[in-house]
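Below, each chain spelled out in residue letters.
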Amino acid sequence: MLLTTFSINLQEEAQGIGKDKVKKKINDKGKKPAVSASQVAEPSSTSEVQIIKNGAAGSKTEADASSKRKQGMEPPLVPQKKVKKLKQKKSPGTPFIVKDIEPDQSDRDKTSDSQRGGGSGDHEGSDECESVDEGFSLRLSDSYDSSGTLKLDSVSGESIRAAGVLDSREEGRKVFQWMIAPHSEASFFRDYWEKKPLYLKRNTPDYYKNLFSTSILDKILHEEKIHYTKNLDVTSYSEGKRQTHNLVGQAHPSVVWDYYNNGCSLRLLNPQTFHRPVWKLLYNLQEHFNSFCGANVYLTPPGTQGFAPHWDDIEAFLLQLEGRKHWKVYKPRSEEEELPEFSSENLSQDEIGEPVLDITLEAGDLLYFPRGYIHQAVTDEDVHSIHITVSTYQRNSWGQYLQKLLPRAVDLAMAEDLEFRKGLPLDHLRVMGVVNSDMETPGRSAFLSKVKELMERLLLYAPFDAAADQFGANLMHDALPPLLGPEDKMCSVHSGGERWCKKKQKVINRVELDPDTYIRLIRGNVIRMVAEEDGVKIFHCLENTREYHQEDPQFFEMSHEHAPAVEALIHTYPKYITVETLPVEGDDEKMTVARGLWERGLVVAAHPLENRDDD
């Protein structure tokens, strides 16, 4: 079976195997990377909907039209030549976080204006700034060759027998391949992604069995504090009417199951918060998609339907876990409804047309459809259904990118280019506007020609990278935290290092980084470096919780002089580099940067650090 390694790992997670095992020492034997599975020939795709026998499994999100994502931070866009250094302060904690630019500058407190769960993320700095010359760069020129390739000496984890050798991005790719097998990733993105549905008939009921189940849902209801609306929805759809039956407060198991026995569907909104295998699946997919990945679990009684026909604003992968469910999928009704920015309201049966897909999902099957495809589902009379919907790419389009890019481009053009500050023609209101739209006059032609000229000129000021960094910073707020294994913990601050010894009544296991210590980022996509008007900020997801936006955006500041070290770690991942090779001037500065990242848990050593205790 393709990529069975991930399936086995899910089973271990479900059984509680592989809990934190802190080892004092690591053997010389390095950890071997996962073996890639052989490729399976994928079927061709020429029809509107592809149906595959003996394929992969999936599940769909029947989520309501309401959407809670992407409310968060918008760091100001700053092109490279406009970056400014703040006359910075020293702050408590690791000294590399903010470096003194001018020693006589008085200390000032800085706080984030971001609010928990969303809100503005523009972090205001001091007005006392000094401009950096146009040649400013976060890079050290002698660390790159003429083609822009980093010249630092880096080594693979296998070559130094490191405890951690896996590449989180490659692991994410393997997990996605496992989820859609036997279809290849290349054919999926070529033929189906954002284009049309894909139905994979696997005939392997146990394919997703270690991911989630009805028994696990019951266990969560009994052992966790589940609240209506926040964690659980109770819904029904009958005679063309969708209803939500949520009470207020905690969802007690006996009440929830009574609703189920009376024909109501149950939707668990954030299973990753309560169940480790789902967290593991979503984090791996997040590493691959570079976009937040979420999930809902749907349990539907026999012979019922829980939701009205609707479309969603996410790419949906439905993984059928138990039972059967009959699905109808419909094309978007117009070009305007293709790949929509928001989910729809509930639709009636007479406004959705004929289905392009009419199938029954059984355990182990998968169904994918793009955002904008209308769908509805009903269970068979003799069996319940439970499936998990994995979702991604919510408001992650070119349009959203341009919404970040163009306003700042206009601001910069206005500041630097006289042409954008010149006044409009005296007759512009007489030649432009709806009442003049059918007129062809010299004044109108000249106006439109000037607008076209300025639009082309605007691209010269567009901060393309800064707009992408806004997406990256937002992702760090949205993202699930990484799921760390024993090899990560024993070689990082998360488990290795100092601890209290009850017997000796003192702190033991004193460890330190050395110049020749090999380090790398703890995960490939755990941080995002953003240049802002008041300096460089490092956004990260390490301290997020499994509950969406429970924490404020996590970031810290760094001096421009230290930033190239982070850039080097980003570009050399998954390989290791030594502290002494970090592209920062001065041995003390290299150690300062490395310690700061270590103390925040963002880097991991190749091996557990040596115990420096005198006794």
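Summary of the structure given here. (Residues numbered from 1 in each chain as written. Predicted model: local features only at pLDDT ≥ 70, side-chain atom pairs only at ≥ 80, totals over all residues. Heavy atoms only, no water.)

1. Some points on the overall build of the protein chain
Part 1 of the argument: Helices and strands together make up the secondary structure of the protein chain, namely 15 helices and 21 strands.
Part 2 of the argument: Taken over 615 residues, the protein chain has a buried fraction of 52%.
Part 3 of the argument: In the protein chain, the share of contacts with a sequence separation of at least 24, taken over all contacts with a separation of at least 6, comes to 81%.
Part 4 of the argument: As displayed, the protein chain has an accessible area near 29200 Å², and 48% of this comes from carbon and sulfur atoms. (Helix = DSSP H or I, 4+ residues; strand = E, 2+ residues; numbered from the N terminus. Buried < 20%, exposed > 50% of the residue type's maximum accessible area, 1.4 Å probe, protein only. Contact = heavy atoms within 4.5 Å. Areas by Shrake-Rupley, 256 points an atom, 1.4 Å probe, with all protein chains shown as cover.)

2. A word on the packing of aromatic side chains
Part 1 of the argument: All chains considered together, the criterion is met by 27 aromatic pairs.
Part 2 of the argument: Residues Phe 176 and Phe 188 carry aromatic rings whose centres are separated by 5.6 Å and whose planes lie at 70° to one another, so their mutual orientation is edge-to-face. With Phe 176 in helix H2 (residues 168-180) and Phe 188 in helix H3 (residues 185-191), this pair connects stretches of sequence that are 12 residues apart. Here Phe 176 and Phe 188 have matching classes, each one buried.
Part 3 of the argument: Pairing Tyr 401 with Phe 471 gives two aromatic rings, centres 6.4 Å apart and planes at 35°, and the pair type is tilted. Pair noted here: Tyr 401 is in helix H8 (residues 398-416) and Phe 471 is in helix H12 (residues 464-478), with a separation of 70 residues, a long-range link. Comparing Tyr 401 with Phe 471 shows no difference in burial state: the two are buried.
Part 4 of the argument: Chaining the aromatic ring pairs together yields one cluster made of Phe 176, Phe 188, Phe 189, Tyr 192, Trp 193, Phe 289, Phe 317, Tyr 368 and Tyr 393. (Phe/Tyr/Trp six-rings, centres within 6.5 Å; stacked < 30°, edge-to-face > 60°.)

3. Brief notes about the nonpolar core
Part 1 of the argument: Core analysis: the biggest nonpolar cluster contains 52 residues, and Phe 212 and Phe 317 have the highest contact counts within it.
Part 2 of the argument: Here this core gets 7 residues from one element, more than from any other, and that element is helix H7 (residues 276-289).
Part 3 of the argument: Among all residues touching Phe 212, those that are not within four sequence positions of it are Leu 217, Ile 220, Leu 268, Pro 271, His 275, Val 278, Val 297, Leu 321 and Ile 386.
Part 4 of the argument: Counting 46 residues, the second largest nonpolar core, distinct from the first, contains Ala 163, Cys 491, Ala 565 and Ile 577. (Core = buried A, V, L, I, M, F, W, Y, C linked by side-chain atoms within 4.5 Å.)

4. Observations regarding the sheet that holds strand S20 (residues 577-578)
Through backbone hydrogen bonds, the strands of a sheet pair up, either in parallel or in antiparallel fashion.
Part 1 of the argument: Taken together, the 3 strands give an open sheet; going across it, the order is S20-S16-S21, and neighbouring strands pair in antiparallel fashion. The open sheet has two edge strands with one neighbour each: S20 and strand S21 (603-605).
Part 2 of the argument: The pairing of strand S16 (residues 518-521) with S20 spans 2 bridges and is antiparallel. Looking across to S20, one finds that Tyr 518 is bridged to Thr 578.
Part 3 of the argument: The strands touched by helix H14 (residues 563-572) are S16, S20 and S21; relative to S16, the strand with the most contacts, the crossing angle is about 80°. (Pairing = 2+ DSSP bridges. Axes fitted to C-alpha atoms, helices over the stretch in contact; angles between N-to-C directions.)

5. Concerning the sheet that holds strand S19 (residues 554-558)
Part 1 of the argument: The strand order across the open sheet formed by 3 strands is S17-S18-S19, and the pairing between neighbours is antiparallel. In this open sheet, the two edge strands, each paired with only one partner strand, are strand S17 (527-532) and S19. Strand after strand, the sheet turns through a mean of 25° between neighbouring axes, direction not considered.
Part 2 of the argument: As defined by bridge partners, S17 adjoins strand S18 (residues 535-540) across 6 bridges and the pair is classed as antiparallel. Residue Val 530 lies in a different strand from S18, and its bridge partner there is Lys 537.
Part 3 of the argument: Packing against the sheet, H14 makes contact with S17, S18 and S19, and its axis sits at approximately 145° to S17.

6. Observations concerning a negative patch on the surface
Part 1 of the argument: On the surface, a cluster of negative charge is contributed by Asp 516, Glu 580, Asp 587 and Asp 588.
Part 2 of the argument: Mapped onto the elements of the fold, Asp 588 is located in helix H15 (residues 587-599).
Part 3 of the argument: Exposure remark for Asp 588: the relative accessible area of 62% places this residue in the exposed category. (Patch = residues over 30% accessible without salt bridge, like charges linked within 9 Å, V, L, I, M, F, W, Y side chains within 5 Å. Salt bridge = Lys/Arg side-chain N within 4 Å of Asp/Glu carboxyl O. Lys, Arg positive; Asp, Glu negative; His and termini not counted. Charge placed at Lys NZ, Arg CZ, Asp CG, Glu CD.)

7. Quick word on the packing of H2 against H7
Part 1 of the argument: Interaxial distance between H2 and H7 falls to 7 Å at its minimum, and their mutual angle equals 110°. Looking at the two axes, H2 sits roughly perpendicular to H7. Considering the relative orientation of H2 and H7, their crossing is left-handed. Residues Ser 168, Arg 169, Glu 171, Gly 172, Arg 173, Val 175, Phe 176, Trp 178 and Met 179 of H2 form the contact with H7, whose own contacting residues are Leu 281, Asn 284, Leu 285, Glu 287, His 288 and Phe 289.
Part 2 of the argument: Of the residues contributing to the contact of H2 with H7, the split by class is 7 nonpolar, 4 polar and 4 charged. (Parallel < 35°, antiparallel > 145°, perpendicular 65-115°, else oblique. Left-handed = near helix turned anticlockwise from the far one by under 90°. Nonpolar A, V, L, I, M, F, W, Y, C, P; charged D, E, K, R; others polar.)

8. What to know about helix H4 (residues 214-223)
Part 1 of the argument: Burial in H4 covers these residues: Thr 214, Ile 216, Leu 217, Ile 220 and Leu 221. One side of H4 holds all its buried residues, which, seen down the axis, span an arc of 160°. Exposed residues on H4 whose side chains face more than 90 degrees from its buried face are Ser 215, His 222 and Glu 223. (Arc of directions from axis to C-beta.)

9. Observations concerning the pairing of strand S6 (residues 241-244)
Part 1 of the argument: Where strand S5 (residues 232-238) and S6 come together, 4 bridges link them in antiparallel fashion. Bridge pairing links Ser 236 to Gln 243 in S6.

10. Remarks on the packing of H8 against H12
Part 1 of the argument: Following both chains from N to C, one finds H8 and H12 inclined at 120°, their axes separated by 9 Å at the closest point. When the axes of H8 and H12 are compared, the pair comes out oblique. Crossing hand, H8 versus H12: right-handed. On H12, the residues that touch Gln 400, Tyr 401, Lys 404 and Leu 405 of H8 are Phe 464, Ala 467, Ala 468, Gln 470, Phe 471 and Asn 474.
Part 2 of the argument: Looking at side-chain class alone, the contact of H8 with H12 contains 6 nonpolar, 3 polar and 1 charged residues.

11. A word on the pattern of salt bridges
Part 1 of the argument: As enumerated under the stated definition, the model contains 25 salt bridges in all.
Part 2 of the argument: Lys 422 is the salt-bridge partner of Glu 419, the closest N and O atoms lying 2.8 Å from each other.
Part 3 of the argument: Judged by its relative accessible area of 18%, Glu 419 is buried.
Part 4 of the argument: Its relative accessible area of 49% is what places Lys 422 among the partly exposed residues.
Part 5 of the argument: Residue Arg 528 pairs with Asp 469 through a salt bridge whose shortest N-O separation is 2.8 Å. Here Arg 528, found in strand S17, pairs with Asp 469, found in helix H12; they are 59 residues apart in sequence, far enough to count as distant.
Part 6 of the argument: Residue class for Arg 528 comes out partly exposed when judged on its relative accessible area of 31%.
Part 7 of the argument: Relative accessible area serves as the criterion here: at 14%, Asp 469 is assigned to the buried category.
Part 8 of the argument: Each of Glu 419, Lys 422, Lys 450 and Glu 453 takes part in a single network of salt bridges with overlapping partners.

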